[in-house]
Amino acid sequence: MQVAIARLEEWMRLYYHNVDHDIGSSGVRDVTIEELRTICGFELSELDPMVFHDSESFGGRALRAALADRWTGGDVGRMMVTHGSSEAIYIVMHTVLEPGDEIVVVDPAYQQLYDVAGALGCRIARWGLRGDDGFAADLTALRTLAAHRPRMIVVNFPHNPTGISVTPQQQRELVAIAAEAGAWLVWDHAFGELTYSAAPLPPPVWYDRCIAFGTFSKSYGLAGIRVGWCVAPPELLARMAVLRDYIALYVSPVLEFFAEKAVRNADRIVAMQQAHAAGNLRLLADWAARMGDRVRLHPPDGGVTAFVEFPGRLDVTGMCRRLAERHRVLLVPGECFGDDFRGFARLGFGGTTAELTAGLSAIEEVLREDSSVTGGRLAAGA
Ligand SMILES: Cc1ncc(COP(=O)(O)O)c(C=O)c1O
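In this text, all values refer to a predicted model and were calculated from it rather than measured experimentally.

Conventions and cut-offs
Residues numbered from 1 in each chain as written. Predicted model: local features only at pLDDT ≥ 70, side-chain atom pairs only at ≥ 80, totals over all residues. Near = placed C-beta within 6 Å. Helix = DSSP H or I, 4+ residues; strand = E, 2+ residues; numbered from the N terminus. Nonpolar A, V, L, I, M, F, W, Y, C, P; charged D, E, K, R; others polar. Pairing = 2+ DSSP bridges. Buried ≥ 20, exposed ≤ 12 C-beta atoms within 10 Å, placed from the backbone. Arc of directions from axis to C-beta. Contact = placed C-beta atoms within 7 Å. Domains from an automatic or database assignment. Core = buried A, V, L, I, M, F, W, Y, C linked by C-beta atoms within 7 Å.

Chemist: Talk me through the site of the ligand; I want residue IDs and the actual numbers.
Modeler: Around the ligand sit 13 residues in total, of which Gly84, Ser85, Ser86, Thr215 and Ser217 are the nearest. At three residues, helix H4 (residues 84-96) tops the list of elements feeding residues into the shell around the ligand. Looking at the shell around the ligand residue by residue, the class counts come to three nonpolar, nine polar and one charged.

Chemist: Explain the pairing of strand S3 (residues 102-107) to me, using residue names and the numbers behind them.
Modeler: Relative to strand S4 (residues 123-128), S3 is paired through six bridges, and the arrangement is parallel. Across the sheet, the residue bridging to Val106 is Trp127, located in S4. Note that S3 and strand S5 (residues 152-156) share three bridges and pair parallel. Looking at S5, one finds that Ile103 is bridged to Met152.

Chemist: Give a description of helix H8 (residues 234-244) that names residues and reports values.
Modeler: All of the buried residues along H8 are Leu237, Met240 and Arg244. Along the long axis of H8, the arc covered by the buried residues comes to 60 degrees, so they all point the same way. Opposite the packed face of H8, turned more than 90 degrees from it, sit the exposed residues Glu235 and Val242. Residues of H8 that are buried in the fold lie against strand S2 (79-82) and H4.

Chemist: Summarise the domain arrangement of the protein chain; cite the residues concerned and give the values.
Modeler: Once the domains are mapped, the protein chain shows domain 1 (7-32 + 268-373) and domain 2 (45-266). A straight line from the C-alpha centre of domain 1 to that of domain 2 covers 25 Å. The partner domain 2 presents 31 residues to the 30 residues of domain 1 that form the contact. Listing elements by their share of the side of domain 1 that touches domain 2, those giving two or more residues are helix H1 (7-15), helix H10 (266-291) and strand S9 (305-309). Residue contributions to the side of domain 1 that touches domain 2 peak at eight residues, all from H10. Its residues assigned to classes, the side of domain 1 that touches domain 2 shows 14 nonpolar, nine polar and seven charged.

Chemist: Report on the sheet that holds strand S11 (residues 332-333), specifying residues and quantitative values.
Modeler: Strand order in the open sheet formed by three strands is S9-S12-S11, and the pairing between neighbours is antiparallel. Of all strands in the sheet, those with a lone pairing partner are S9 and S11, marking the two edges. Relative to strand S12 (residues 344-348), S11 is paired through two bridges, and the arrangement is antiparallel. Each residue of the ladder has a partner; that of Pro333, found in S12, is Ala345.

Chemist: Break down the nonpolar core for me, with residues and values.
Modeler: Counting 111 residues, the largest nonpolar core has Val92, Ile153 and Val154 as the members making the most contacts within it. Looking at this core element by element, the count peaks at seven residues for H4. Lining this core are residues from two domains, each supplying at least three of them: domain 1 (7-32 + 268-373) and domain 2 (45-266). Here Val154 is in contact with Ile103, Val105, Val106, Leu113, Tyr114 and Val186, once residues within four sequence places are set aside.

Have a look at this one:
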């Protein structure tokens with residue numbers, strides 16, 4: 001099986017660990033074990049009696065129950081604990097899809113959401129969100145694509161990289177479109193808990209062909225525990241476990257211990273991260289306003305990324321490379337989300353306010369350097 005290079009992950013491999021200021025990632029500020037202990041109120045000595053025993057294929061009982069209480073009204077039969085949602089994406093695509101199937105995927109998108117299917121020999125139809133209309137979700141366009149009766153419709157709201165989301169009414173319409181097409185609806189809510197303009201939208205688990213992914217990596221600041229989850233019908237989870245037996249078998253009980261504490265205290269963790277990210281978003285919006293026509297910001301509804309446009313700038317990837325290599329600032333070129341997005345960059349504002357401020361100043365400096373070289377032509381949009 002030939003998989004395409006995961007462009008975003010490759011960029012991260014190059015720069016994530018080699019910069020001082022991260023304004024490219026899609027997660028909130030990661031917490032320490034001490035902070036997690038303080039927020040959740042537990043001692044590390046609680047781990048002492050733990051035996052290094054196997055966990056279960058669908059997830060350890062305590063964590064699975066905690067996740068089910070939060071997402072499926074307590075129905076543990078529809079919940080699987082995975083190694084990040086990445087593992088869930090991989091297993092779902094391999095279990096549900098066959099060569100020649102058509103899938104409709106929001107575009108741009110986190111690459112794994114379509115290129116696992118691509119590697120399996122599926123046809124990918126893109127449901128485009130575009131900057132000229134603020135990346136708004138066009139459900140009429142989705143309905144047209146769904147008329148081909150795809151096997152699966154894959155969406156991610158709030159969306160990576162733009163941060164845009166849909167209203168509850170649009171969500172219901174989206175479910176209706178999937179139902180009319182008889183399609184699986186893959187609802188990636190990696191950023192679902194962290195919103196600004198409206199209350200978080202629960203994944204549409206009432207639809208019997210909904211598959212929902214969630215993760216501790218984004219809204220909780222726990223990327224390093226590599227734990228995620230998948231909500232799906234029990235028969236599908238059972239088929240997924242068959243494939244999982246060849247991959248990672250189960251998640252470490254040590255990691256599940258921390259994850260369970262986090263889910264049981266999720267509201268407090270998310271409220272803390274949301275308040276911090278909302279403050280940073282205001283700072284980002286002020287900066288973008290000051291930058292005038294050199295930068296176009298489409299304000300995100302949720303998550304901690306914005307897809308920032310640099311009008312008239314032909315080589316945003318080169319600019320991001322310069323930021324990383326000369327200024328030790330991580331910004332992700334839009335190209336990592338497809339060739340159509342070369343004029344954009346993903347800007348992450350979930351980290352510390354100090355690194356956001358430093359990162360934004362570095363962008364300003366690079367833009368200033370460029371405009372002095374070109375006599376202002378680039379900055380003026382030539
Ligand atoms: C939309 C989306 N889904 C899933 C993932 C995978 O995250 P993880 O494997 O850390 O849960 C990411 C990571 O960036 C993402 O952006």
